Amino acid sequence: MQTFNTVCPRNCYSTCSFKVKIDSGRLVSIEAQPLNQSTPEGPCIKGLSYIERNYSKDRVLYPLQKQNGKFERISWEVALDTISEKLKYYKQAFGSHSVLFYAASGMSGLLNGVSSNFWRMYGGATTVYGNLCWPAGLEATRLTLGENKHNIPTDLENAKLIILWGKNPAESNIHQMVPIEKAQRSGAKLIVIDPRRTPSSERADLLLQPKPGTDGILALAVAKLIIKSKLHDTEFIQKHVLGFEEFSQSLDEISLDVASKECGIPIHFIEELAELIGTIKPMTLIPGYGMQRYSNGGQTTRCLLALSVISGNIGIKGACWHYANLQSYVFDEVKEPQCYYPTENDKPFRRSVPTAVLGESMLETKNPELKMAWVERGNPITQNPDSNKTIEAFRKLDFVVVVEQFLTDTALEADIILPAKTMFEQSDIVGSYWNPYVQLKQKVSEPPGEVKPETEIYYHLAKKMEFPDDEIARNIPEPDDKAIDKWLNSFLDQFDELSLSKLKEGPVLAPGLEEIAFSNLKFNTPSGKIELYSEEANSIWGVNPLPTYEPLIEGQNGKNEKYPLSLMSPNTKNRIHSQFGNCDTIKALDPVPVVLMSPKDAIGREITDNEKVKVFNDRGEIAITVKYDYSLIPGNVVIVNGYWNQEGGNPNLLSKGRETDMGHGTAFHDNMVEVEKFKQV
Amino acid sequence: MSNNHFIFDKNKCVGCEACVVACVNENGFQAHQQWRTITSSNQAKNPRLPLFYLSMACNHCEDAPCMNHCPALAFRRSEESGAVLHISNNCIGCKYCTWQCPYDAPKYNPLLGVIEKCTFCESRLLDGQKPSCASSCPTGALDFSTEEVDKSIVMPDLAVTNYPNPSIVIKELEKESGPRIDNSLFEGAAFEKPLKKEESKISALKEWPLLIFTFIVSLLAGFSVSGRNDELSLKGKIIFIGLGIIAAVLSTLHLGKKLRMWRSVLNVQRSWLSREILFFGIFLGLNVLQWFIPDTLKWIIHITAGLLCISIDMLYQPAQRNWQIKLHSGQSVLIAVSALMLLQNFIVAFSIIMIARLFLMIYRNHIHSNKFTKGNAGFLLRILSIFFTFFLLQLGYPVWLVYVSFIIGELIDRTMFYNELSAPDIGSLIKK
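Residues numbered from 1 in each chain as written. Chains lettered and ligands numbered in written order. Predicted model: local features only at pLDDT ≥ 70, side-chain atom pairs only at ≥ 80, totals over all residues. Heavy atoms only, no water.

### Structural notes on the overall build of chain A
Here comes step 1: Summing up its helical and strand segments, chain A has 24 helices and 27 strands in all.
Here comes step 2: Its C-alpha atoms give chain A principal-axis dimensions of about 75 × 65 × 50 Å.
Here comes step 3: Here chain A holds 681 residues, and 67% of them are scored as buried.
Here comes step 4: Here the analysis covers contacts within chain A between residues at least 6 apart in sequence; of these, 76% occur between residues at least 24 apart.
Here comes step 5: Split by element, the accessible area of chain A, about 23,600 Å² in all, is 48% carbon and sulfur.
Here comes step 6: Averaging the locations of the 73 positively and 87 negatively charged side chains of chain A gives two centres separated by 2 Å. (Helix = DSSP H or I, 4+ residues; strand = E, 2+ residues; numbered from the N terminus. Buried < 20%, exposed > 50% of the residue type's maximum accessible area, 1.4 Å probe, protein only. Contact = heavy atoms within 4.5 Å. Areas by Shrake-Rupley, 256 points an atom, 1.4 Å probe, with all protein chains shown as cover. Lys, Arg positive; Asp, Glu negative; His and termini not counted. Charge placed at Lys NZ, Arg CZ, Asp CG, Glu CD.)

Here's what the structure looks like:
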């Protein structure tokens with residue numbers, strides 16, 4: 001039995017380190033790796049499911065080709081021949097931009113860069129821009145603080161006031177609950193602001209439940225009260241903040257009554273929140289990523305961040321704006337959200353398709369039209385907004401290749417499915433957007449069946465495409481473990497602190513790490529100060545230079561008569577987006593998709609608990625079982641993100657493809673629906 | 001006794017279920033029921049009540065009820081680790097341990113027909129490691145220790161009537177209330193009665209073979225004590241024995257391992273279930289014997305019949321934990337005695353007993369209104385049946401009609417008895 005250190009490469013805050021035990025080439029146990037001080041107690045339910053997932057009977061182990069609507073096993077030779085013929089044909093007949101290269105967040109690592117190298121060699125392709133997750137918040141933070149970084153996770157123990165604003169770490173970042181609990185033990189107050197009552201709020205002192213998408217006005221009302229009571233940090237503001245006067249004046253327009261009505265929080269609670277933020281220091285404000293996936297997401301984030309700024313809770317122990325910590329992304333040339341924007345200097349790629357509006361934009365793309373798609377590390381059919389549109393766009397294509405571990409809804413749309421590796425089958429370097437470590441995901445077992453890592457697929461495909469050997473050598477590592485190590489070393493060599501042998505011992509703190517972010521009080525903004533007033537916000541995104549509250553486009557605060565219920569689709573502890581839900585272990589705990597509904601909304605519609613209902617709007621409908629949730633505020637329903645169409649309950653059948661106000665994020669949380677009894681047709 | 005024990009901190013558990021998956025990783029996929037489960041104290045998420053979680057598997061009690069009451073001796077204590085271990089090959093699949101355990105630890109596997117349960121990860125313990133669940137808790141809520149503890153103070157709110165000294169220390173909530181919230185969001189009729197999810201593991205429908213078995217046995221006992229079986233014709237004797245055999249067959253229907261039913265008498269020393277089967281066998285045997293040697297066995301049959309009915313009632317004791325009084329009008333002894341009085345034609349005594357049982361039922365209904373809402377029809381039918389029997393007796397109707405009326409009424413009562421049983425589960429434990 002051998003033990004290896006590795007790291008979970010999922011799109012998740014925690015990015016846990018863990019140890020795996022290998023017995024005769026087989027993964028037999030997963031255990032905590034205490035050297036990572038942010039995740040010392042070990043991985044979550046999903047990380048622990050890896051053993052089952054890795055050896056799942058449902059894994060795709062061979063190349064498959066759709067023949068008469070059914071997938072048949074084919075050889076790699078046939079698969080690569082077919083694909084290379086198609087690629088040559090589309091390039092010659094329509095130009096390389098007729099091919100869409102779609103990659104998402106299914107597995108992080110430096111080797112993902114190899115994919116873009118291949119498509120550059122091909123002569124370019126059309127790629128999506130923007131991101132499904134966090135860019136509105138990233139951009140809001142970058143505009144204000146200049147960079148996205150925060151204090152190390154364990155510093156939370158030093159906070160005296162912790163605000164979880166739209167974040168539910170108990171499910172999405174469970175390791176954060178440890179420092180929260182420690183801080184509470186030493187007297188810190190915990191406030192949760194969330195329309196839902198989540199497991200993260202049960203030990204809180206106060207839970208405020210605003211209407212979804214109205215957090216901005218709540219924050220501005222709180223800011224107004226803090227300033228009115230002169231509880232703001234004048235010294236900090238004078239030295240480090242640009243635009244406080246303008247911000248302060250703009251708050252004159254905010255009426256407490258109107259704000260209270262708009263967000264649904266009683267005035268006395270708004271006053272209490274202002275008092276808490278104004279008087280308890282240090283405060284760590286932890287916004288989640290769900291809030292910024294509304295049409296007003298960027299501005300909402302700026303409103304919240306203003307509270308950390310005016311109270312002087314930046315750059316000190318126990319105090320930070322805890323949004324995203326990109327300090328371990330040491331290899332990225334472009335760290336900040338610009339990496340999601342269309343850039344001029346990456347010529348081979350045509351960026352005409354925002355991921356936020358994937359289906360619609362694919363259909364609208366002309367000169368050339370899209371003929372083929374290559375999908376890897378992603379499941380756009382269920383994870384991009386407006387699934388029906390996405391399906392329509394994929395079905396319009398001539399040829400689709402999907403690299404996948406399982407027969408996801410996207411894989412089912414493929415003409416050829418290529419079997420994808422799991423995290424245990426190829427080494428890679430992984431950063432985290434929460435903890436401060438650079439980590440090595442080690443290859444610990446050989447891929448089963450005929451599975452090949454993507455780098456290897458691209459290598460063979462490049463040979464088939466007859467790309468020049470020297471160009472291939474420069475752009476794609478050879479298909480063996482030593483070549484991969486060499487490839488990774490070429491990145492690690494930039495830093496004295498990093499090497500493969502060190503990383504094999506465990507996680508290594510990111511070179512240049514600031515444990516307390518912004519402790520030098522230097523801000524990488526145009527003015528060098530924290531910018532409450534941001535010219536760039538206006539010049540790049542056309543929004544108000546100040547943080548303002550913008551009502552939602554769709555969720556007009558109960559004014560939508562046809563579709564009066566706002567649909568929330570948060571993440572659950574049981575899945576990372578659409579991953580893990582197909583594991584038997586997880587299914588046993590979460591057997592059927594459900595829509596959570598307040599009994600008040602349900603009874604008005606004569607819907608009983610556990611009944612089958614139809615959730616619908618103009619974009620689609622879902623037949624799903626209803627579960628009463630007495631703690632959910634009326635007017636809202638919840639279907640957690642990540643159900644497959646195959647099992648029913650995919651909330652993106654109802655979401656609209658729409659960009660956020662900044663950062664090219666995806667505003668798919670701004671959705672109104674209606675629920676009615678399900679009638680069998 | 002080893003000091004190995006779990007430590008569970010309610011302040012830290014957020015219900016993530018990593019412990020459940022860790023258990024599966026160590027012990028294999030548990031298709032039917034996970035050995036370790038997380039239970040929320042507030043399943044309907046009533047916003048006015050606090051919510052916490054309990055992660056529970058086997059607590060390897062010092063005085064383990066599963067082991068004490070298993071009729072087939074299918075549990076043993078490991079000397080090395082202190083673990084209570086289940087011996088699959090000895091298990092008859094009667095599920096009686098699931099009624100006994102206050103922590104809902106033994107899980108029935110319908111595919112294998114036997115019980116399965118947490119092993120304390122004994123091989124890990126002997127290897128110097130913590131159990132898989134305790135070493136995999138991401139928040140540190142579930143832990144394990146080998147240090148000595150005073151087990152008498154460990155889990156006040158999880159204590160049950162027969163306190164079994166569990167190997168677990170529960171750290172209580174430091175802040176018992178939930179967060180302050182805006183209560184006005186949850187006002188109105190819709191929020192007044194949050195659903196209660198109470199589904200008992202035992203019901204008349206699920207346990208009908210046992211219901212019929214114990215019912216027939218009670219009647220046979222009454223009949224036999226009444227001395228009326230001395231007068232039976234050959235045909236009558238065959239019917240008597242036939243009923244006994246039918247009952248015996250029915251009693252094995254619920255067993256996961258029917259071929260091992262002989263094991264059910266191995267724990268006469270401690271298990272009422274073993275005693276019931278033993279007395280039933282003796283009772284039936286003596287009755288047959290009696291026809292060959294009349295009069296000599298009379299008293300010993302009476303005593304056996306009594307012990308048999310008492311055994312039946314005693315073995316249902318653990319499933320009566322939610323009852324405020326431990327006497328139910330549908331219990332075996334009462335059925336047997338009522339039958340006896342009726343058969344002896346002691347009409348006054350019969351009437352007094354029936355009226356007393358009626359009051360018992362009304363009183364029970366009164367204090368148990370929740371559980372009874374479903375059984376209202378049965379309740380009314382039962383009352384009617386008693387008065388109908390009196391009515392038939394009074395007007396001198398043929399005796400067979402009286403008996404039929406009596407038997408129907410008793411069957412209704414026994415059915416209600418089954419429906420009111422509730423085996424322990426973590427949910428009811430939390431409510432205490």
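### Some details on the environment of Pro 47 of chain B
Here comes step 1: Here Pro 47 of chain B shows up in the loop between strand E2 (37-40) and strand E3 (53-56).
Here comes step 2: Separated by 232 residues in sequence, Pro 47 of chain B and Phe 279 of chain B place their C-alpha atoms 52 Å apart.
Here comes step 3: If near-sequence neighbours (up to four positions away) are discounted, Pro 47 of chain B is found in contact with Arg 197, Tyr 630 and Ser 631 of chain A together with Ile 181 and Phe 186 of chain B.

### A short note on the packing of aromatic side chains
Here comes step 1: Per the stated rule, a full pass over the model turns up 44 aromatic pairs over all chains.
Here comes step 2: For the ring pair Phe 331 of chain A and Phe 495 of chain A, a centre distance of 5.7 Å and an interplane angle of 80 degrees mean the geometry is edge-to-face. Of this pair, Phe 331 of chain A sits in the loop between strand E13 (320-321) and strand E14 (350-354) while Phe 495 of chain A is found in the loop between helix H20 (481-492) and helix H21 (500-505), placing the two residues 164 residues apart along the sequence.
Here comes step 3: For the pair Tyr 96 of chain B and Trp 99 of chain B, a centre-to-centre distance of 6.0 Å together with 65 degrees between the ring planes defines the contact as edge-to-face. Placement of both Tyr 96 of chain B and Trp 99 of chain B in helix H3 (residues 96-100) is noted, with a separation of 3 residues, approximately one turn of the helix.
Here comes step 4: Taken together, the ring pairs connect Phe 101, Phe 118, Trp 119, Tyr 122, Trp 374, Tyr 458 and Phe 467 of chain A into an aromatic cluster.
Here comes step 5: In this structure, Arg 275 of chain B packs its charged tip against the face of Trp 272 of chain B, placed 4.5 Å from the ring centre. (Phe/Tyr/Trp six-rings, centres within 6.5 Å; stacked < 30°, edge-to-face > 60°. Lys NZ or Arg CZ within 6 Å of the ring centre and 35° of its normal.)

### Considering the sheet that holds strand E2 (residues 17-23) of chain A
Residue and element names in this part refer to chain A.
Here comes step 1: Reading across from one edge, E1-E2-E3 is the order of the 3 strands in this open sheet, with antiparallel pairing throughout. Every other strand in the sheet has two partners, leaving strand E1 (2-7) and strand E3 (26-32) as the edge strands with one partner each. Direction aside, the axes of adjacent strands within the sheet are offset by 30 degrees on average. (Pairing = 2+ DSSP bridges. Axes fitted to C-alpha atoms, helices over the stretch in contact; angles between N-to-C directions.)

### Here's the deal with the nonpolar core
Here comes step 1: Residues Val 615 of chain A together with Tyr 316 and Tyr 418 of chain B are the most contacted members of the largest nonpolar core, which totals 162 residues.
Here comes step 2: Filtering out sequence-adjacent residues up to four positions away, Tyr 418 of chain B remains in contact with Ile 202, Ser 203, Ala 204, Glu 207, Leu 210, Leu 211, Thr 214 and Tyr 316 of chain B.
Here comes step 3: Counting residues in hydrophobic clusters, the runner-up holds 65 residues, among them Tyr 13, Phe 236, Cys 303 and Leu 305 of chain A. (Core = buried A, V, L, I, M, F, W, Y, C linked by side-chain atoms within 4.5 Å.)

### Structural notes on a nonpolar patch on the surface
Residues and elements named next belong to chain B.
Here comes step 1: On the surface, Val 288, Leu 289, Phe 292 and Ile 293 cluster together to form a nonpolar patch covering roughly 380 Å² of accessible area.
Here comes step 2: As for its placement among the helices and strands, Ile 293 is situated in the loop between helix H8 (272-292) and helix H9 (298-315).
Here comes step 3: By relative accessible area, Ile 293 is classed as partly exposed at 40%. (Patch = residues over 30% accessible without salt bridge, like charges linked within 9 Å, V, L, I, M, F, W, Y side chains within 5 Å. Salt bridge = Lys/Arg side-chain N within 4 Å of Asp/Glu carboxyl O.)

### Concerning the side chain of Gln 299 of chain A
Residue and element names in this part refer to chain A.
Here comes step 1: Along the chain, Gln 299 falls in helix H13 (residues 297-310).
Here comes step 2: There is a polar contact of 2.9 Å between the side chain of Gln 299 and the side chain of Arg 302.
Here comes step 3: Residue contacts for Gln 299: discarding those within four places in its chain leaves Val 543, Asn 544, Leu 546, Pro 547, Thr 548, Glu 550, Asp 661 and Met 662. (Polar contact = N/O pair within 3.5 Å; in protein donor to acceptor, adjacent residues only side chain to side chain.)

### Notes on the sheet that holds strand E10 (residues 206-208) of chain A
All names here are of chain A.
Here comes step 1: Pairing is parallel across the open sheet formed by 5 strands, whose spatial order is E10-E9-E8-E12-E13. Each edge of the sheet is formed by a strand with only one pairing partner; in this case those strands are E10 and E13.
Here comes step 2: Where strand E9 (residues 189-193) lies against E10, 3 bridges are found, and the strand directions are parallel. Residue pairing in the sheet places Ile 193 in a bridge with Leu 208 of E10.
Here comes step 3: Packed on one face of the sheet, H13 meets strand E8 (161-165), strand E12 (283-287) and E13 and runs near 170 degrees to E12.

### A short note on the interface of chain A and chain B
When the parts come together, some accessible area is lost, and that loss is often what is quoted as the size of the interface.
Here comes step 1: Facing the 50 residues of chain A at the interface are 50 residues of chain B.
Here comes step 2: Carbon and sulfur atoms supply 57% of the area buried between chain A and chain B, which totals about 4,100 Å² over both sides.
Here comes step 3: Three residues stand out in chain A for area buried against chain B, namely Arg 197, Arg 203 and Tyr 630 of chain A, and they jointly supply 20% of the buried area on that side.
Here comes step 4: Connecting chain A to chain B are 6 salt bridges.
Here comes step 5: When the shortest N-O distance is used, the salt bridge between Arg 185 of chain A and Glu 174 of chain B registers 3.0 Å.
Here comes step 6: Where chain A meets chain B, there are 14 residue pairs in polar contact (both at pLDDT 80 or more).
Here comes step 7: For the side of chain A that touches chain B, the secondary structure elements donating two or more residues are helix H1 (45-48), helix H7 (177-185), E10, helix H12 (267-279), helix H23 (584-589), helix H24 (599-604) and strand E25 (620-628) of chain A.
Here comes step 8: Looking at the side of chain A that touches chain B residue by residue, the classes come out as 24 nonpolar, 10 polar and 16 charged. (Buried area = accessible area lost by both parts, 1.4 Å probe. Nonpolar A, V, L, I, M, F, W, Y, C, P; charged D, E, K, R; others polar.)

### Some details on the packing of helix H8 (residues 215-228) of chain A against H13 of chain A
Residues and elements named next belong to chain A.
Here comes step 1: The N-to-C vectors of H8 and H13 enclose an angle of 25 degrees; their axes lie 8 Å apart at closest approach. Between H8 and H13, the crossing angle belongs to the class labelled roughly parallel. Both H8 and H13 take part in a crossing whose hand is left-handed. In this structure, H8 uses Asp 215, Gly 216, Ala 219, Leu 220, Val 222, Ala 223, Ile 226 and Ile 227 to contact H13, whose residues at the interface are Thr 300, Cys 303, Leu 304, Leu 307 and Ile 310. (Parallel < 35°, antiparallel > 145°, perpendicular 65-115°, else oblique. Left-handed = near helix turned anticlockwise from the far one by under 90°.)

### Focus on empty space enclosed by the protein
Summary: where empty space remains is shown by rolling a probe the size of a single water molecule over the atoms.
Residue and element names in this part refer to chain A.
Here comes step 1: Scanning the entire structure with this criterion turns up 16 cavities of 30 Å³ or more.
Here comes step 2: As a volume, the largest cavity reaches approximately 590 Å³.
Here comes step 3: Every residue lining the largest cavity is counted, 35 residues in all, and those nearest its centre are Gly 166, Tyr 289, Gly 290, Pro 570 and Asn 571.
Here comes step 4: Looking at side-chain class alone, the lining of the largest cavity contains 14 nonpolar, 12 polar and 9 charged residues.
Here comes step 5: For the second largest cavity, the calculated volume is near 180 Å³.
Here comes step 6: As for the second largest cavity, its lining consists of 23 residues, and the residues nearest its centre are Cys 12, Ser 14, Cys 16, Cys 44 and Lys 46.
Here comes step 7: Secondary structure elements with two or more residues in the lining of the second largest cavity: H1 and helix H6 (169-172).
Here comes step 8: In terms of residue class, the lining of the second largest cavity is built from 13 nonpolar, 6 polar and 4 charged. (1 Å grid on protein atoms, 1.4 Å probe; cavity = no way out; pocket = protein on both sides within 12 Å on 5 of 7 lines; lining within 4 Å. Points joined across faces, edges and corners; volume = space filled by probe spheres on them.)

### A closer look at the pattern of salt bridges
Here comes step 1: This structure, assessed with the given rule, holds 48 salt bridges over all chains.
Here comes step 2: The closest approach of N and O atoms between Glu 17 of chain B and Lys 573 of chain A, which form a salt bridge, is 2.5 Å. A residue pair is termed interchain when its members come from two chains, as with Glu 17 of chain B in the loop between strand E1 (5-9) and helix H1 (18-27) and Lys 573 of chain A in the loop between strand E22 (565-568) and H23. Exposure class is identical for Glu 17 of chain B and Lys 573 of chain A. Each is buried.

### Digging into unusual backbone geometry
Residues and elements named next belong to chain A.
Here comes step 1: Geometrically, the link from Lys 281 to Pro 282 is a cis peptide bond, its omega value of -5 degrees lying close to zero.
Here comes step 2: Looking at where Pro 282 falls in the secondary structure, it is placed in the loop between H12 and E12.
Here comes step 3: Cis geometry is found at the peptide bond from Asn 367 to Pro 368, where omega equals -5 degrees.
Here comes step 4: Structurally, Pro 368 is set in the loop between helix H14 (358-364) and strand E15 (372-376).
Here comes step 5: Structurally, Asn 367 can be placed in the loop between H14 and E15.
Here comes step 6: Even without being a glycine, Glu 466 presents a positive backbone phi close to 60 degrees.

### Focus: the environment of Phe 387 of chain B
Here comes step 1: Within the fold, Phe 387 of chain B resides in helix H13 (residues 376-394).
Here comes step 2: Sequence spacing of Phe 387 of chain B and Cys 58 of chain B is 329 residues, and the spatial spacing of their C-alpha atoms is 48 Å.

### Points about the side chain of Ser 578 of chain A
Residue and element names in this part refer to chain A.
Here comes step 1: Structurally, Ser 578 is set in the loop between E22 and H23.
Here comes step 2: Take Ser 578: its relative accessible area is 9%, and that puts it in the buried class.
Here comes step 3: Setting aside residues no more than four positions away along its own chain, Ser 578 makes contact with Asn 379, Thr 382, Gln 383, Gly 642 and Trp 644.

Function cannot be inferred from these measures alone, as they are strictly geometric.
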